[in-house]
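An overview of the molecular structure
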Amino acid sequence: MRAARLSDRNLLRLIAGVDPDENEDLFALARKARKKHYGNGVYFRGLIEITNYCRNDCYYCGLRRSNAKLERYRLSLEEILACCRAGDRLGYKTFVLQGGDDPQLNDTRAVEIITAVRREFPGHALTLSFGERSRESYAAFFAAGGNRYLLRHESASEEHYARLHPPDMNPAARKECLRNLKDIGFQTGAGFMVGSPFQTPENLLEDLRFLEELQPQMIGIGPFIPHKDTPFGGAGAGSLILTLKMVALARIMLPKALIPATTALGTIAPDGWEQGLKAGANVIMPNLTPMAARRLYALYDNKVSAGDGAETLDYLADRIRTAGFTPEMGRGDALE
Ligand code: 5AD
């Protein structure tokens with residue numbers, strides 16, 4: 001089976017399939033693709049959640065602006081740098097700065113942060129996740145020293161996207177941002193949730209086809225998990241197995257991509273990360289956010305979070321070795 005050539009019909013059959021043997025075959029194929037390009041390594045990225053303010057009102061996300069129950073925070077530049085220093089001491093070579101779409105995180109402020117991190121850590125990879133911006137803003141972030149950018153497309157289908165987001169957001173704008181990011185030279189990450197309300201197998205097929213067309217260097221896929229203070233608070237979570245299948249298909253179709261075993265995957269099952277790695281993922285993103293802020297970065301309910309010290313890193317590295325993989329603390333840039 002060469003999934004790059006899989007027809008829509010076959011892909012839909014795999015997405016909808018419930019045969020455990022067929023799923024195991026899919027995971028084995030994904031592992032083989034990962035191994036061919038990356039061996040058994042699993043790259044560590046230090047995640048720093050710098051603000052939970054958000055101007056957007058996505059129906060699924062706990063950070064949405066209409067969630068008045070959430071206490072909001074913003075890390076100072078000094079706090080962000082302190083997280084980076086702590087991460088650096090632990091051996092992290094990639095920092096991922098992630099935020100809600102915070103109106104105060106304007107270009108000036110973002111460039112100030114990027115410049116400061118870049119000055120102190122000239123050799124580290126710096127990944128940004130600052131939402132939708134103009135091409136000029138992205139170019140300024142790149143010039144200031146950003147290397148990578150995460151912006152999930154959330155849903156490639158116009159119709160499904162419109163059921164997850166208010167009318168002032170649209171998938172064409174998202175896709176345009178992703179193309180601009182790639183064009184500017186960012187290693188670019190797209191992705192989507194699995195099992196979000198109203199999602200159909202056809203929607204997931206469209207997500208895979210979009211990834212195939214965009215050829216992002218990174219792909220984030222996790223299950224939808226309800227957050228009680230959102231319009232989708234009463235919906236069921238996405239399924240573990242379907243999420244693993246989408247990770248595997250993404251790996252098979254874009255074999256060189258860097259694909260994390262996401263926090264959401266680790267939240268819906270105690271061995272979710274291990275299962276993600278066994279389905280073709282090769283990145284893990286431990287959280288370096290200060291504990292007090294971390295509990296406020298509540299995208300969904302019961303978000304898992306380990307500690308942030310050396311013990312946690314050892315514990316995660318142990319879990320990865322036990323699952324048969326090798327922890328990699330290098331930058332782990334995209335191939336090519
Ligand atoms: N469940 C799972 N993932 C979520 N995200 C936001 N809200 C949820 C949720 N309820 C994901 C989105 C976003 C990323 C930062 O987190 O895909 O891009």
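Figured I'd write up the structure that's included with this text. Each chain has its residues counted from 1, following the order in which its sequence is written. The predicted origin of the model limits local features to residues at a pLDDT of at least 70 and limits the giving and counting of side-chain atom pairs to 80 or more, whereas totals for whole chains, interfaces and linings rest on all residues. Working from all heavy atoms in the structure, the side-chain values ignore hydrogens and water.

Helix and strand definitions follow DSSP, with helices as H or I runs of at least four residues and strands as E runs of at least two, each counted in order from the N terminus. In terms of helices and strands, the chain carries 13 helices and 9 strands. Radius of gyration: over C-alpha atoms. The globule rule applied is 2.2 Å multiplied by the number of residues raised to the 0.38 power. For a compact globule of 336 residues, the expected C-alpha radius of gyration is about 20 Å, and the chain comes in at 19 Å, within 12% of that figure. Each of the three principal axes of the chain carries a C-alpha extent, and together these read 50 × 45 × 35 Å. For every residue, the accessible area obtained with a 1.4 Å probe (protein chains only) is divided by the maximum for its type, and the residue is called buried under 20%, exposed over 50%, and partly exposed between those limits. For the chain, buried positions account for 58% of its 336 residues. Residues are treated as being in contact if the distance between any of their heavy atoms lies within 4.5 Å. Nonlocal contacts in the chain, meaning residues at least 24 apart in sequence, comprise 76% of its contacts between residues at least 6 apart.

Attention now goes to the site of the ligand. Here a residue is near a molecule or strand as soon as one of its heavy atoms is found within 4 Å of it. The immediate surroundings of the ligand are formed by Y60, C61, R152, E154, M193, P223, F224, I225, L299 and Y300. One of the side-chain nitrogen or oxygen atoms of R152 is found 2.9 Å away from an oxygen atom of the ligand. Polar contact criterion, stated in full: a pair of N or O atoms within 3.5 Å, where within protein one must be able to donate a hydrogen and the other to accept it, and residues adjacent in sequence count only if both atoms are side-chain atoms. Between the ligand and E154 there is a distance of 2.5 Å, counted from an oxygen atom to a side-chain nitrogen or oxygen. Using the Shrake-Rupley algorithm and a 1.4 Å probe, accessible areas are obtained, with residue cover drawn only from the displayed protein chains. Its free accessible area being 400 Å², the ligand has 87% of it covered by the protein chains. Three categories are distinguished: nonpolar for Ala, Val, Leu, Ile, Met, Phe, Trp, Tyr, Cys and Pro, charged for Asp, Glu, Lys and Arg, and polar for the others, with Gly belonging to the last. Residue classes in the shell around the ligand are distributed as 8 nonpolar, no polar and 2 charged.

This next bit is on the sheet that holds strand β8 (residues 283-284). Strand pairing requires that DSSP identify at least two bridges connecting the strands. One open sheet holds the 3 strands; their spatial order is β8-β1-β9, and the pairing between them is parallel. Strands at the two margins of the open sheet, each flanked by one partner only, are β8 and β9 (326-328). Examined bridge by bridge, strand β1 (residues 41-44) and β9 share 3 bridges and lie parallel to one another. Bridging from a neighbouring strand, V42 pairs with P327 of β9. Fitting a line to C-alpha atoms yields each axis, with helices limited to the stretch in contact; the angle taken between N-to-C directions then spans 0 to 180 degrees. The strands that helix α13 (residues 310-322) touches are β1, β8 and β9; relative to β1, the one it contacts most, it runs at about 160°.

Time to look at the side chain of K175. Here K175 shows up in helix α7 (residues 171-184). For K175, the side chain forms a polar contact with the main-chain oxygen of A156, separated by 2.9 Å. With near-sequence residues (within four places) excluded, K175 lies in contact with A156 and F210.

The backbone of F198 shows a phi angle near 75°, a positive value even though the residue is not glycine. The class for F198 is partly exposed, based on a relative accessible area of 45%. Even without being a glycine, Q215 presents a positive backbone phi close to 55°. By relative accessible area, Q215 is classed as partly exposed at 39%.

Here a helix's expected span is defined as the number of its residues, less one, multiplied by 1.5 Å. The end-to-end C-alpha distance of helix α2 (residues 20-38) is 26 Å, a good match for the 27 Å that 19 residues give at a rise of 1.5 Å each. Every buried residue of α2 is accounted for by N23, L26, F27, A30, A33, R34 and Y38. Relative to the axis of α2, the buried residues are bounded by an arc of 120° and lie together on one face. Of the exposed residues in α2, the ones pointing more than 90 degrees away from its buried face are D21, D25, K32 and K36. Here α2 starts with a cap whose side-chain oxygen sits 2.9 Å from the backbone nitrogen of D21, and that cap is D19. With its phi angle positive at about 60°, G39 sits one or two positions after the end of α2. What the arc describes is the spread of directions from the helix axis to the C-beta atoms.

Taken in spatial order, the 6 strands of this open sheet run β2-β3-β4-β5-β6-β7, and their pairing is parallel. Of all strands in the sheet, those with a lone pairing partner are β2 (46-51) and β7 (218-223), marking the two edges. Averaged over all adjacent pairs, the angle separating strand axes in this sheet is 20°, with direction ignored. Of the pairings in the sheet, the one linking strand β6 (residues 187-194) to β7 comprises 6 bridges and is parallel in character. Looking across to β7, one finds that V194 is bridged to P223. On the sheet, helix α4 (residues 107-120) packs against β2, β3 (94-99) and β4 (125-129) and is oriented at approximately 165° with respect to β4.

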